[in-house]
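Secondary and tertiary structure notes
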Amino acid sequence: NTQRSIRQALKHFEQNFGGFLPCNSDALGDYLATYAGTLSPATLELRRSMLSRWHKEHGYPDPADSRDIRELMKGIRLEHSKPAKQAKALRENDIARVLAELDALIVCAVDISDDPRRQRALQLKSIRDKALFSLGFWLGLRGENLVGIDVNHIKFDADARPRTMTIFFPRSKTDKQAKGTSKVITELPKLCPVAAMM
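So, here's what we can say about the structure.

Here's the deal with the packing of aromatic side chains
For any two aromatic rings, the description comes down to two numbers: the centre-to-centre distance and the angle of the planes. For the structure on display, the rule yields seven aromatic pairs. Taking the centre distance of 5.4 Å and the plane angle of 70° together, the rings of Phe-17 and Tyr-31 count as edge-to-face. Within this pair, whereas Phe-17 is found in the loop between helix H1 (2-16) and helix H2 (25-34), its partner Tyr-31 is found in helix H2, the two being separated by 14 residues in sequence. Residue class for Phe-17 comes out partly exposed when judged on its relative accessible area of 25%. Each ring, one from Trp-54 and one from Tyr-60, has its centre 5.7 Å from the other, and the planes form 20°; the classification is stacked. Members of the aromatic cluster, joined through ring pairs, are Phe-13, Phe-17, Tyr-31 and Tyr-35.

Shown next as structure tokens:
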């Protein structure tokens, strides 16, 4: 990924901007200022970083290692930063509709196939999808967390009132030291991930 990012940065600098490599801090500053209004500050920061890395790897002086470039990037961030786009959250009735469709698939699996093994496979798939969907929604999990759930990391306390479930996640994007985290989910009166997982 790093090498691909370096290639993209070099291509954009040379072909789109018309720059020459190796470059100095003035040329890098002109490049960053030229695209400050069209590329996001995060993209420019990545390009700056990748151009810096290329210069270091090839034994050239780093054009990004100057006070002027740091000040320029600070100004670009202040001037052009925008709030991150966020998708609208699903409403409760949307969640209910999805879970109802999955419940219907569980029930009508017998109508979809005459093969009992295929019927059971369709039922189990729908049960799994319902459990993962409700769990992902209520915990706000990323896809990588959902697909990484290990059945051995799930513990139920069916005797508790309300019932609870604890899931251990051995790693996540925000867990840089890979210590793992546990999440406890308490049974809900409706659209319950605990009931769906049990």
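Moving on from the coordinates now.
Things to note about the nonpolar core
Of all hydrophobic cores here, the largest spans 19 residues; its most connected members are Leu-21, Leu-28, Tyr-31, Leu-32, Leu-44 and Leu-51. Within the residue set of this core, elements represented by two or more residues are H1, H2, helix H3 (41-57) and helix H4 (67-80). Apart from residues lying up to four places away in sequence, Leu-32 is in contact with Leu-44, Arg-48, Ile-69, Leu-72, Met-73 and Ile-76. In this structure, Leu-135, Phe-169, Cys-192 and Val-194 belong to the second largest nonpolar core, which totals 14 residues.

Points about the layout of surface pockets
Put simply, the largest pocket is a space of about 220 Å³. Around the largest pocket, the lining residues are Ile-127, Arg-128, Ala-131, Leu-132, Leu-146, Ile-149, Asp-150, Val-151, Ile-154, Phe-156, Ala-196 and Met-197. The element best represented in the lining of the largest pocket is helix H6 (residues 116-139), accounting for four residues.

Conventions we followed
- Residues numbered from 1 in each chain as written.
- Predicted model: local features only at pLDDT ≥ 70, side-chain atom pairs only at ≥ 80, totals over all residues.
- Heavy atoms only, no water.
- Phe/Tyr/Trp six-rings, centres within 6.5 Å; stacked < 30°, edge-to-face > 60°.
- Helix = DSSP H or I, 4+ residues; strand = E, 2+ residues; numbered from the N terminus.
- Buried < 20%, exposed > 50% of the residue type's maximum accessible area, 1.4 Å probe, protein only.
- Core = buried A, V, L, I, M, F, W, Y, C linked by side-chain atoms within 4.5 Å.
- Contact = heavy atoms within 4.5 Å.
- 1 Å grid on protein atoms, 1.4 Å probe; cavity = no way out; pocket = protein on both sides within 12 Å on 5 of 7 lines; lining within 4 Å.
- Points joined across faces, edges and corners; volume = space filled by probe spheres on them.

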